[in-house]
Amino acid sequence: MDSQTHHAEVDARVYDFHTHTFLSDGVASPIEIIRRALHIGYRTMAITDHVGPGNLEFVLKTLIKECEMASRRWDILALPGVEITYVPKEDIDLLAREARRMGARVVNVHGETVVEPVEPGTNQAAVSSKNVDILAHPGLITPDEARTAAENGVFLEVSARRGHGLANGHVAKVAQEAGARTVLDSDAHAPDDLLTREFAMTVALGAGLSEEEAHVLLETGPRDLLAKIGVKQTR
Ligand SMILES: [Zn+2]
Ligand SMILES: [Zn+2]
């Protein structure tokens, strides 16, 4: 492989730390969404179904088995995770800690998106928890919340999901000013929602980022997140 081909391949990389299966409100099984992601070029992804106190254990046990088998047989790293969703804000840290203890590699919290009545204070609870990796679609997040996210190493999400993505420009700007790190995720609920590199770049540019800032969002953010959660990166 010549260096130019190698460079193109590296540039085409897609990371995605927020996807759903029929274990919550997605349509595919975990193994199916992994296979479909692999087929369109993914090499690293997380499956993060909606959880509350009741289904946390079942969802994680299932995802851990399916992600392990797929990652062992196929050229993709599938990480089992959760999206703590509509849980009372006082219990978010507790559930995040439980999820981690049960083997979640990526712990997301369903943030205060502008299109749903998520409990006010959810963003603050998520960024205050050292057990949370990503505050998903944080909507009109405040500068104070973004600074707390930066201090605690909680990543803020730029969302490729319709509706949630309406606040992307705000999220990117506030995160940048606060020094909080960001990742871009699909929040896929069906195989067709999975990302291509081109669409991820379009969403990044649509959030008002420069080409260079978009590169940081699509490459540096994911690599920093993988380092934070202890995933060794070979290249
Ligand atoms: Zn969500
Ligand atoms: Zn989601």
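What comes next is a walk through the structure. (Residues numbered from 1 in each chain as written. Chains lettered and ligands numbered in written order. Predicted model: local features only at pLDDT ≥ 70, side-chain atom pairs only at ≥ 80, totals over all residues. Heavy atoms only, no water.)

**Details of the packing of helix H8 (residues 197–206) against helix H9 (residues 211–228)**
Stage number 1. Taken N-terminus to C-terminus, the directions of H8 and H9 make an angle of 125°; their axes are 9 Å apart at the nearest point. On the basis of their axis angle, the class for H8 and H9 is oblique. Viewed along their axes, H8 and H9 form a crossing whose handedness is right-handed. Facing H8, whose interface residues are Arg197, Ala200, Met201, Ala204 and Leu205, H9 presents Glu211, Ala214, His215, Leu217, Leu218 and Glu219.
Stage number 2. Its residues assigned to classes, the contact of H8 with H9 comprises 7 nonpolar, 1 polar and 3 charged. (Axes fitted to C-alpha atoms, helices over the stretch in contact; angles between N-to-C directions. Helix = DSSP H or I, 4+ residues; strand = E, 2+ residues; numbered from the N terminus. Parallel < 35°, antiparallel > 145°, perpendicular 65-115°, else oblique. Left-handed = near helix turned anticlockwise from the far one by under 90°. Contact = heavy atoms within 4.5 Å. Nonpolar A, V, L, I, M, F, W, Y, C, P; charged D, E, K, R; others polar.)

**Here we look at the sheet that holds strand S7 (residues 182–185)**
Stage number 1. Taking strand neighbours across the sheet as the criterion, the 7 strands line up as S1-S2-S3-S4-S5-S6-S7 in an open arrangement whose pairing is parallel. For this open sheet the edge positions go to strand S1 (15–16) and S7, each flanked by a neighbour on one side alone.
Stage number 2. Sheet analysis places S1 next to strand S2 (residues 44–51), joined by 2 bridges and oriented parallel. Bridge assignment links Tyr15 to a residue of S2, and that residue is Thr44.
Stage number 3. Against the sheet, helix H2 (residues 30–39) contacts S2 and strand S3 (77–84), and its axis sits at roughly 150° relative to S2. (Pairing = 2+ DSSP bridges.)

**As for the environment of Ser29**
Stage number 1. Mapped onto the secondary structure, Ser29 falls in the loop between S1 and H2.
Stage number 2. Separated by 105 residues in the primary sequence, Ser29 and Ile134 have C-alpha atoms spaced 23 Å apart.
Stage number 3. Excluding anything up to four places from it in sequence, Ser29 contacts Thr21 and Phe22.
Stage number 4. Polar side-chain contacts of Ser29 include one of 3.1 Å to the backbone nitrogen of Glu32. (Polar contact = N/O pair within 3.5 Å; in protein donor to acceptor, adjacent residues only side chain to side chain.)

**Let's talk about the coordination of the zinc ion (ligand 1)**
Stage number 1. Around the zinc ion (ligand 1), the protein contributes the donor atoms Glu83 (OE), His110 (ND1) and His137 (NE2), at 2.0 to 2.1 Å from the metal centre.
Stage number 2. Sequence spacing of the donor residues for the zinc ion (ligand 1), all on one chain, is E-x26-H-x26-H. (Donors = N, O, S within 2.8 Å, 3.2 Å for Na, K, Ca; no water.)

**A few points about the coordination of the zinc ion (ligand 2)**
Stage number 1. Only His18 (NE2), His20 (NE2), Glu83 (OE) and Asp187 (OD) from the protein reach the zinc ion (ligand 2) as donors, at distances of 2.1 to 2.2 Å.
Stage number 2. Here the zinc ion (ligand 2) is ringed by 4 donor atoms whose angles at the metal span 82 to 167°, and the overall shape comes out irregular.
Stage number 3. Mapping the donors of the zinc ion (ligand 2) onto the primary sequence gives the spacing H-x1-H-x62-E-x103-D.
Stage number 4. Metal-to-metal, the separation of the zinc ion (ligand 2) and the zinc ion (ligand 1) is 3.2 Å; Glu83 coordinates the two. (Tetrahedral: all angles 85-135°; square planar, octahedral: opposite > 155°, others 65-115°.)

**Observations concerning unusual backbone geometry**
Stage number 1. One non-glycine residue, His137, adopts positive backbone phi at about 25°.
Stage number 2. You can see His137 is positioned in the loop between strand S5 (134–136) and helix H6 (143–152).
Stage number 3. Look at His137 and you get buried, because its relative accessible area is 1%.
Stage number 4. A positive phi is found at Asp187, a non-glycine position, where the angle reads about 55°.
Stage number 5. Within the secondary structure, Asp187 sits in the loop between S7 and H8. (Buried < 20%, exposed > 50% of the residue type's maximum accessible area, 1.4 Å probe, protein only.)

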